Amino acid sequence: MTKITVNGRELEVDASKPLIAACDTAGIDVPRYCYHPGLEPVGSCRICQVEVSEGGRPPRVMAACRTQVSEGMVVNTEAAVAHDARRECLEFLLKNHPLDCPICDKAGECTLQDYSFQEQQAAGRSTEPRATLEKRVDLGEVIMLDQERCILCTRCVRFQEEVTKKPELTNAGLASNSYITTFAGRPLTGNYQGNLADVCPVGALTLKPFRFEARVWNLEKSSSTCAECSRGCSISVEVLRRGDVKRIRPVFNPDVNQWWMCDTGRFSFPKVNDAERLTGGLIASGDDLMGVTTGEAIRHAATVLTGTSKSALFASPFLTVEEAAEVKILGDSMGADLLFISPAANDLKDDLLHTGDPCPNRKGLEQAGFRAISAADAATMITGLDAAVLVGERILKLFAGHNLGTSKLVTFDTSACLASGVEACIAIPFYVEKAGTWINVDGNVGLLTIARPAPASVAPLERTLGELTTAMARSGAGV
Amino acid sequence: MSGFETYLTSRMTGPDSHTLASYKKHGGYVALERALKEMQPAEVTESVKASGLRGRGGAGFPTGLKWTFMPDPAKDPRSRYLAINADESEPGTCKDRVIMDEDPHGLLEGILLACYAMKCEASYIYVRGEYRHQYDRTVAALEEARAAGLVGKNILGSGFDCEIYMHKGAGAYICGEETGMMESLEGKRGHPRPKPPFPAGFGLWGQPTTVNNVETIFNVPFIVDKGPEWYRSMGVESSPGNFLVGISGNVNKPGVYEAPLGTNAKVLLEADHFAGGMTEGRKLKAWFTGGSSTGMMPGETVDVGMDHDSVKAAGTMLGTAAMIMLDDTQCVVRAMQIIARFYDHETCGQCSQCREGCQWLHQIFKRIEEGQGRDGDIDLLTSIGNGMAPGKTICALADAAAIPAHLMVKHFRADLEEHIRDGGCKINKTGKCAAGHSHKAPATEKAEAQA
C-alpha cells in the first residue's frame, strides 16, 4: 500500500492501480470518459486531468487514469488549473458534438451533460460548422450507432477486445474524421452487445429496444437480481411510471458479474410486462374457467385438495428462499415430496457469465430441501395422481407441451393454464414485484426488491400459500 | 571549398555510391569489424556517449544516454530490439532520404554497431511509405550485406548475431512518432502509446527497444571509427558533429547540405556552397528552422547558430534542421493555413484536444486566409493552442500543431490583423505571386473556373 494525499485527505492506496482508481476508492469523483474500471486505461480523452505533485516537485496537471501513484504524492482534484484543463477539454469534446440532447436517449445520464454542468462549461466558442457524420448506423440486433455523438473514447472497442475477447469494433478514419465501425461493416455478434451501450459515456451507442422508449429521468430504478440463469447478475430494474419495465442494466458486483450482463438477461424484461397476466383467481366452471377473487380461488383449491388422496406439489425454480419456506409448510401439510422443476441446461453457456442453467435459485431450493426433477418426469408423476399443486413464476411454461393427464391442478403463476384438469389458478407477482432472496451458482446471495408494485389484487405468494394451508386445515377439519 | 571537414556526405560520390563495393572502397564496415574484434559492447556505447551525439529526429536527445536506458540483459533476459525511424514525414525534411538513396550501407553499419552495443538481436527499419526508391535501395544493400556475411548469424565470424528487417509505412505522419511507429510495426493503428512505460522498458511487442533516427545511427560508424575526440572537434560544445540540413523554399539552390552544427543559418542561406541566397535577391519574409512543427520565424531572426541550444534560445527548435525559406511575395497566413491543414489531416485522433484542436486551428486560419476572419479570432487561436499543449496529450503532435500557431500570432500578428481587416489576402487579390504561381485560395480558384 502507498500513502498519498488527495484533496487534503491522507489515503492508503493500491499502487498497482492508476490514480483515478485510488480517488474512486476514497469516493472522490474524477471525471472520466475513456477510463472504465473494467478496461485497460488508454488516457486519450484527457478529461480526468488533476493537479499532481510528486517528490516535492512543483505541481503539474496530469491525466489521473494514466498516472501511477507514488509514495507521498499530493493530488488536488479541485485545483483551479485542473478545472481549467477539464473545461478546455470539454470545449474541445463538444466542438463537433451535435448537442441533440432533446432527442437523445442518453440525455439525463450522459456524462457530457454532467461534467459540462459540473465544470460550468456552458458555452463553446467555436462558430465553425459541426461535423456531419452518420447518425443511424445499424450495428446488428442490439446496437444503433450515432457517429456524430461519439467522442471516440474507444471504451466499446476495448470492451470487445478485453472482455468478450471478440474484437469486432474499431476506430477507422483519421483525425477529426475518425469514427467507430465494425470490421467490414459486419453486424456485431455474441450475447454481450448490450454492454456496449452501458460503457458508452455518451449517446453514441444506444440499445435498439430502448430507443425513444423513455426519458431516463422518468425511470424508477431498483436493484435486483437477474432471473435468466443461475449466475444471478446484479441488475437495475428500470420501470416507467409504475408500468412497464423499460430497461434492465447490470449493477457492479465484484463477486458475481463485475460491470456486465448478457443480452439474454438484459432483454428478458418483456416477460414481466405481460398485458395478459392473471390478476386474481380463476376456478373451473364446466369446461371453462371463471374469474373469481383470489380468496375464492384459494377456498376452491383447498376443497379440491382436501378431497383427494394422492396429491403432490411441484415448485418453480424461480421461487425465492422465503417463498420456498412457505411452500415447504404447505408440502408438509399435504405430505408431499419437495420437488422443483429443473429445466435442461441451454446452449447459452459461455466463458463470461451465462451458466447455461436457467434456474436462478437452484442452490437456494436445494439448500431448502427441494429436489430437482425434469418437467417430463414430473408430468408422468402427475398423470398418476389425483391432484397436483404447481407453484411459482413460469411453472406453467415449464410444463408446456407435457401431457398432465386428468389429475386436478391448482396453479400459482403469473398467468393461467387452460389444461383440462385445472381446478384453480391463483395470481402471483412477477419477480420484479417482490422482495426476496436467490442463491446463485457460487453461493452468492442475490436480493430481489420491489421494482414495481404488483396489482392490488395480486398478493405475495407467501400470503396466498399461507391462506391455502390454513384453508386446507379448516377444510380437512370440516370447519 | 567550405572550410570544414565533411564526413556524412563523404561517400556520396558517384552513381554507384549505394553499392557494397563502393562503400568498402571508402573504408566501409571497417569500424564494425574493429568493434566486433576489439571492443566490448559497453565500449561502443561509451564512445557514442563521449561523442556527445544528439538525436537528429527532432528532439535532440543524447543518443548514448538513450542507449543506456536499455535494461541490463543479465537481469532482463527478454529479446531486445533497435527500431530505426525512417518515416521521414516532417514537412520540409528530406535528409534521411539522401542517406538511404546514396549511402544505405552506412545506415546498416550504424545499425549493426548500435545492436552490438545494446545487445539487440534484431533491428527494424520503418521506412516512410512514399520512399519506395529509398526502400528498394536499402533492401538491395541489405541483401548485399547479408550475402557478404555482414548481417545474420555469426557476423564476420565474431559470434555476434543480428537480423535487420525492413518495413514500409503507409503514409501516416503520426507513425513517425516513436510509439506510434511501434504500434504500426506491430500491425496496429499508429496510435501513440501513453508514456510511461517508455520504449526501453516496454517497446516493440513489449520488449526493450531503442528507437533512433536514420541520420543519428548514420553518425555512429564515424564515431566508432575516428573516436569521440574527433567527433567533438566539429560542431559546438553542446551539439557536436555535422548535420544534414535541408533547405527549401524561395532559395537559389534548394537541397540537402552537410554543415557543422552551429553554422549560422544566414550562412546556410546565403553562402554559395549552400543555398546561394534568396531567389532573385528578394527579402526573407519568414522561415521554418527545422520542419513545419518548429513554426515560422520572422526573416530578421535568420542570424542564428543552427544547433539545438541556440535555436532554442531564439524561441523555437532545431527540429530536423529542415529550413523552409519564404520570401516577401509569399503570404504567411496562407503558409500557416497549409501547415494547419497538415496537422488537421495527420493527428491520429486519439486525444480530444489534439483531434478537435487541430481541426479548429485549421478552420480559423482558413477563414482568415479566405477573408472570413473575425475580431477575436487571434486571441481564440492562442487560447486553442494553450488548450492543446504543452504536455496535455499522449504524444507531442498537439505541441507540434500548437507551436506554429503560437509563433504565427507572436511574430505575424500584423499579417493576421491585416487579413481580418481587409477581408483576405493582398497577395491573393493580385492573383499571382512573383513566380507566376496562383496564390488564390483553392475555393476562389474553383469558383472562378466554374464561372
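Residues numbered from 1 in each chain as written. Chains lettered and ligands numbered in written order. Predicted model: local features only at pLDDT ≥ 70, side-chain atom pairs only at ≥ 80, totals over all residues.

### Remarks on the overall build of chain A
Secondary structure assignment for chain A yields twelve helices and 23 strands. Overall, the C-alpha framework of chain A stretches about 90 × 50 × 35 Å when taken along its three principal axes. Within chain A, the proportion of its 479 residues that are buried is 49%. Long-range pairs, those at least 24 residues apart, make up 63% of the contacts in chain A between residues at least 6 apart in sequence. (Helix = DSSP H or I, 4+ residues; strand = E, 2+ residues; numbered from the N terminus. Buried ≥ 20, exposed ≤ 12 C-beta atoms within 10 Å, placed from the backbone. Contact = placed C-beta atoms within 7 Å.)

### Structural notes on the overall build of chain B
When helices and strands are counted, chain B shows 17 helices and nine strands. Relative to the 2.2 N^0.38 estimate, which gives 22 Å for 451 residues, the radius of gyration of chain B is 23 Å and therefore close to what a compact globule would have. Principal axes of the C-alpha set define a box for chain B whose edges measure 70 × 50 × 40 Å. When burial is assessed residue by residue, chain B has 56% of its 451 residues classed as buried. Relative to all contacts within chain B whose residues are 6 or more apart in sequence, the contacts with residues 24 or more apart total 71%. (Rg over C-alpha atoms; globule rule 2.2 N^0.38 Å.)

### Re the nonpolar core
Grouped together as the largest cluster of nonpolar side chains are 133 residues, with contacts concentrated most on Ala83, Leu113, Leu268, Trp287 and Met296 of chain B. The dominant element in this core, judged by the number of residues it contributes, is helix H15 (residues 397–422) of chain B, at twelve residues. Apart from residues lying up to four places away in sequence, Leu113 of chain B is in contact with Ala31, Leu32, Ala35, Val44, Val220, Pro221 and Val224 of chain B. Grouped together as the second largest cluster of nonpolar side chains are 79 residues, Val327, Ala379, Phe399 and Trp438 of chain A included. (Core = buried A, V, L, I, M, F, W, Y, C linked by C-beta atoms within 7 Å.)

### Examining helix H12 (residues 332–346) of chain B
Residue and element names in this part refer to chain B. For H12, built from 15 residues, the straight-helix expectation of 21 Å at 1.5 Å per residue is met to within 8% by its first-to-last C-alpha distance of 21 Å. With respect to burial, H12 is a largely interior element, twelve of its 15 residues being buried. For H12, the set of buried residues is Val332, Val333, Arg334, Ala335, Met336, Gln337, Ile339, Ala340, Phe342, Tyr343, Asp344 and Glu346. Of the surrounding elements, those touching the buried residues of H12 are strand S7 (284–288), strand S8 (296–298), strand S9 (322–327), helix H13 (352–369) and H15. (Expected span 1.5 Å × (residues − 1).)

### Some words on the interface of chain B and chain A
At the interface, 22 residues of chain B touch 22 residues of chain A. Going through the elements one at a time, H12, H13 and helix H14 (377–388) of chain B are the ones with two or more residues in the side of chain B that touches chain A. Here the side of chain B that touches chain A gets nine residues from one element, more than from any other, and that element is H13 of chain B. Of the residues in the side of chain B that touches chain A, the class split is six nonpolar, eleven polar and five charged. (Nonpolar A, V, L, I, M, F, W, Y, C, P; charged D, E, K, R; others polar.)

### Topic: the domain arrangement of chain B
Residues and elements named next belong to chain B. The domain architecture assigned to chain B consists of domain 1 (20–232), domain 2 (242–327) and domain 3 (332–443). In this complex, domain 1 contributes eleven residues to the contact, which on the side of domain 3 involves seven residues. Of the residues in the side of domain 1 that touches domain 3, the class split is six nonpolar, four polar and one charged. (Domains from an automatic or database assignment.)

### Considering the sheet that holds strand S12 (residues 234–240) of chain A
Residue and element names in this part refer to chain A. Taken in spatial order, the three strands line up as S11-S12-S13 in an open sheet, and their pairing is antiparallel. Looking at the sheet topology across the chains shown, the edges are occupied by strand S11 (219–225) and strand S13 (245–250). Taking each pair of neighbouring strands and ignoring which way they run, the sheet shows an average axis angle of 25°. Where S12 and S13 come together, five bridges link them in antiparallel fashion. Opposite Ile235, over in S13, you have Pro250 as the bridge partner. (Pairing = 2+ DSSP bridges. Axes fitted to C-alpha atoms, helices over the stretch in contact; angles between N-to-C directions.)

### A few points about the domain arrangement of chain A
For chain A, the domain assignment lists domain 1 (2–93) and domain 2 (281–476). The distance between the C-alpha centroids of domain 1 of chain A and domain 2 of chain A comes to 53 Å.

### Description of the packing of helix H6 (residues 104–118) of chain B against helix H9 (residues 214–232) of chain B
Residues and elements named next belong to chain B. Two elements in contact, H6 and H9, have axes whose closest approach is 7 Å; the angle formed by their N-to-C orientations is 75°. Put simply, H6 runs roughly perpendicular to H9. Touching Gly106, Leu107, Glu109, Gly110, Ile111, Leu113 and Ala114 of H6 are Val214, Ile217, Phe218, Val220, Pro221 and Val224, all from H9. Of the residues contributing to the contact of H6 with H9, the split by class is ten nonpolar, two polar and one charged. (Parallel < 35°, antiparallel > 145°, perpendicular 65-115°, else oblique.)

### A short note on the pairing of strand S2 (residues 122–127) of chain B
Residue and element names in this part refer to chain B. With respect to burial, S2 is a largely interior element, five of its six residues being buried. Relative to S2, strand S1 (residues 81–86) is paired through six bridges, and the arrangement is parallel. In the strand pairing of S2, Ala86 is matched with Val127. Regarding the hand of the β-α-β motif, the stretch spanning S2, helix H7 (residues 132–147) and strand S3 (residues 163–168) is right-handed. (Right-handed = clockwise from strand over helix to strand, strands pointing away.)

### Quick word on the pairing of strand S4 (residues 60–63) of chain A
All names here are of chain A. Taken together, the four bridges between strand S3 (residues 49–53) and S4 define a ladder with antiparallel strand orientation. Counted as the bridge partner of Val52 is Arg60 from S4. Connecting S3 to the next strand, S4, in antiparallel fashion are six residues, including Gly55 with a positive phi near 55°.

### Quick word on the sheet that holds S7 of chain B
All names here are of chain B. With mixed pairing, the five strands of this open sheet are ordered in space as S6-S5-S9-S7-S8. Each having just a single partner strand, strand S6 (255–260) and S8 make up the two edges of the open sheet. Each neighbouring strand pair of the sheet contributes to a mean axis angle of 30°, computed without reference to strand direction. In this sheet, S9 lies alongside S7 in antiparallel orientation, the contact comprising four bridges. Residue pairing for S9: Phe288 is matched across the bridge by Ile324.

### Overview of the environment of Thr355 of chain A
All names here are of chain A. Mapped onto the elements, Thr355 comes out in the loop between strand S17 (339–341) and helix H9 (362–367). A tally of 21 C-beta atoms within 10 Å means that Thr355 is categorised as buried. Separated by 125 residues in sequence, Thr355 and Ser230 place their C-alpha atoms 6.2 Å apart. Look past the residues within four positions of Thr355 in its chain and what remains in contact with it is Cys229, Ser230, Arg231, Lys349 and Val441.

### Focus on the environment of Val202 of chain A
Residue and element names in this part refer to chain A. Within the fold, Val202 resides in the loop between helix H5 (194–199) and strand S10 (205–207). Sequence spacing of Val202 and Ser126 is 76 residues, and the spatial spacing of their C-alpha atoms is 20 Å. Contact partners of Val202, with chain neighbours within four places excluded, come to Lys106, Cys110, Leu112, Arg149, Cys150 and Ile151.

### Observations regarding the confidence of the model for chain B
All names here are of chain B. Considering every residue of chain B, the mean pLDDT works out to 93; 94% of them sit at 70 or more. Counted against residues more than four places away or in other chains, residues 433–437, with its pLDDT under 50, gives six contacts. Both confidence scores are given for the complex: pTM 0.92, ipTM 0.90. (pLDDT = per-residue confidence, 0-100.)

### Considerations on the packing of helix H3 (residues 41–51) of chain B against H6 of chain B
Residue and element names in this part refer to chain B. The geometry of H3 relative to H6 is characterised by a closest axis approach of 7 Å and an angle of 115° between their N-to-C directions. Here H3 and H6 pass one another in a crossing that is left-handed. Contacts from Pro41, Val44 and Thr45 of H3 reach H6 at Leu113, Tyr116 and Ala117. Taken together, the residues of the contact of H3 with H6 break down into five nonpolar, one polar and no charged. (Left-handed = near helix turned anticlockwise from the far one by under 90°.)

### A few points about unusual backbone geometry
Omega for the bond connecting Lys195 of chain B with Pro196 of chain B falls within 30 degrees of zero, at -5°, which places this linkage in the cis form. With respect to the helices, strands and loops of the structure, Pro196 of chain B is situated in the loop between helix H8 (178–185) and strand S4 (209–213). Not every positive phi belongs to a glycine, and Gln258 of chain A is a case in point at roughly 55°. Looking at the secondary structure, you find Gln258 of chain A in the loop between S13 and helix H6 (263–266). Given 17 C-beta atoms within a 10 Å radius, Gln258 of chain A is considered partly exposed.

### Focus: the environment of Ala314 of chain B
With respect to the helices, strands and loops of the structure, Ala314 of chain B is situated in the loop between helix H11 (308–313) and S9. The partly exposed category is assigned to Ala314 of chain B, around which 17 C-beta atoms lie within 10 Å.

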